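# A closer look at the structure
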Amino acid sequence: MRNKNKSSIFSLLITLSLGLTANSALADPVLEYKLALADDGKSYEVWMKPSVTPKPNISLTGQLTLKVPHAAKFKPLNVVAGVEGADWIEASRVDAPKEDPEHDYISFSYIGAQGNSAQNYPWAADEELLVFSFANEKGCVNGLSLMQDNDPFNIPNNSQQTNPGNQFTNLGWGAVGENNFKGVYGASPKCLKK
């Protein structure tokens, strides 16, 4: 009987190990972010596009960092979720850090894993999804972009001791703690001429 229990426990551990290994094999970065000007010409939209449909589809955490001209005094307003119940908030702001004093960095965080919100995003391979939109108190500003991975402020131990890196975690693309953010796509938005 004792050997049978050991054998059952061993089989369970092997099964769990293989399951976690298979899930981690998909942990490659798969989600791209895009910033666009909305049709109204005044507000901005954040779009995301995965290269793989997550299975299971459980979104846990996310962060997106805007890079805006310091002189613009950019102030986000009216942050509206593109998918009901999958909210984003302005979480942090660093104005004119010494790494790039010409720009401010505004980070938004996904408020995930609240009730059923972790499963609200209908992610599908190669399909864009409107994640959230926002406006600026003073209207459209040129020079607004999503922070790139190679940005001078996106370094460990930056002057403000922050982590501005773009990030997203979905259990269908990897394990807890893995970053599924792949990169930024699309051109930076340009304000419409008046």
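In short, a report on the structure. This is a predicted model, so every value here is computed, not measured. (Residues numbered from 1 in each chain as written. Predicted model: local features only at pLDDT ≥ 70, side-chain atom pairs only at ≥ 80, totals over all residues. Heavy atoms only, no water.)

## Considerations on the overall build of the protein chain
Check the secondary structure of the protein chain and you find 1 helix and 10 strands. Across the protein chain, helices and strands are ordered from the amino to the carboxyl terminus as α-β-β-β-β-β-β-β-β-β-β. Expressed as a percentage of its 194 residues, the buried residues of the protein chain come to 41%. Long-range contacts, defined as pairs at least 24 residues apart, comprise 75% of the intrachain contacts of the protein chain with a sequence gap of at least 6. (Helix = DSSP H or I, 4+ residues; strand = E, 2+ residues; numbered from the N terminus. Buried < 20%, exposed > 50% of the residue type's maximum accessible area, 1.4 Å probe, protein only. Contact = heavy atoms within 4.5 Å.)

## Let's talk about the packing of aromatic side chains
Taken as a whole, this structure holds 17 aromatic pairs when the rule is applied. The interplanar angle of 35° and the centroid separation of 4.7 Å between the aromatic rings of Tyr105 and Phe153 together place this pair among those described as tilted. Residue Tyr105 is located in strand β6 (residues 103–110), and its partner Phe153 is located in the loop between β8 (145–146) and β9 (167–170); the two are separated by 48 residues in the primary sequence. Of the residues examined, Phe153 reaches a relative accessible area of 1% and is grouped as buried. Judged by centre distance (6.4 Å) and plane angle (65°), the ring pair of Tyr121 and Phe168 falls under edge-to-face. On the criterion of sequence distance, the pair formed by Tyr121 in the loop between β6 and β7 (129–136) and Phe168 in strand β9 is long-range, its members being 47 residues apart. The two residues Tyr121 and Phe168 agree in class, both being buried. Among the aromatic side chains, those forming a connected cluster through ring pairs are Tyr44, Phe74, Trp88, Phe108, Tyr110, Tyr121, Trp123, Phe132, Phe134, Phe168 and Trp173. The cationic tip of Lys49 hangs over the ring face of Tyr185; the distance from NZ or CZ to the ring centre is 4.6 Å. (Phe/Tyr/Trp six-rings, centres within 6.5 Å; stacked < 30°, edge-to-face > 60°. Lys NZ or Arg CZ within 6 Å of the ring centre and 35° of its normal.)

## With respect to the sheet that holds strand β2 (residues 43–50)
Spatially, 5 strands are ordered β4-β7-β2-β1-β10 in an open sheet, and the strand pairing comes out mixed. A single partner strand is all that each edge strand has here, and the edge strands are β4 (76–81) and β10 (181–184). Averaged over all adjacent pairs, the angle separating strand axes in this sheet is 25°, with direction ignored. (Pairing = 2+ DSSP bridges. Axes fitted to C-alpha atoms, helices over the stretch in contact; angles between N-to-C directions.)

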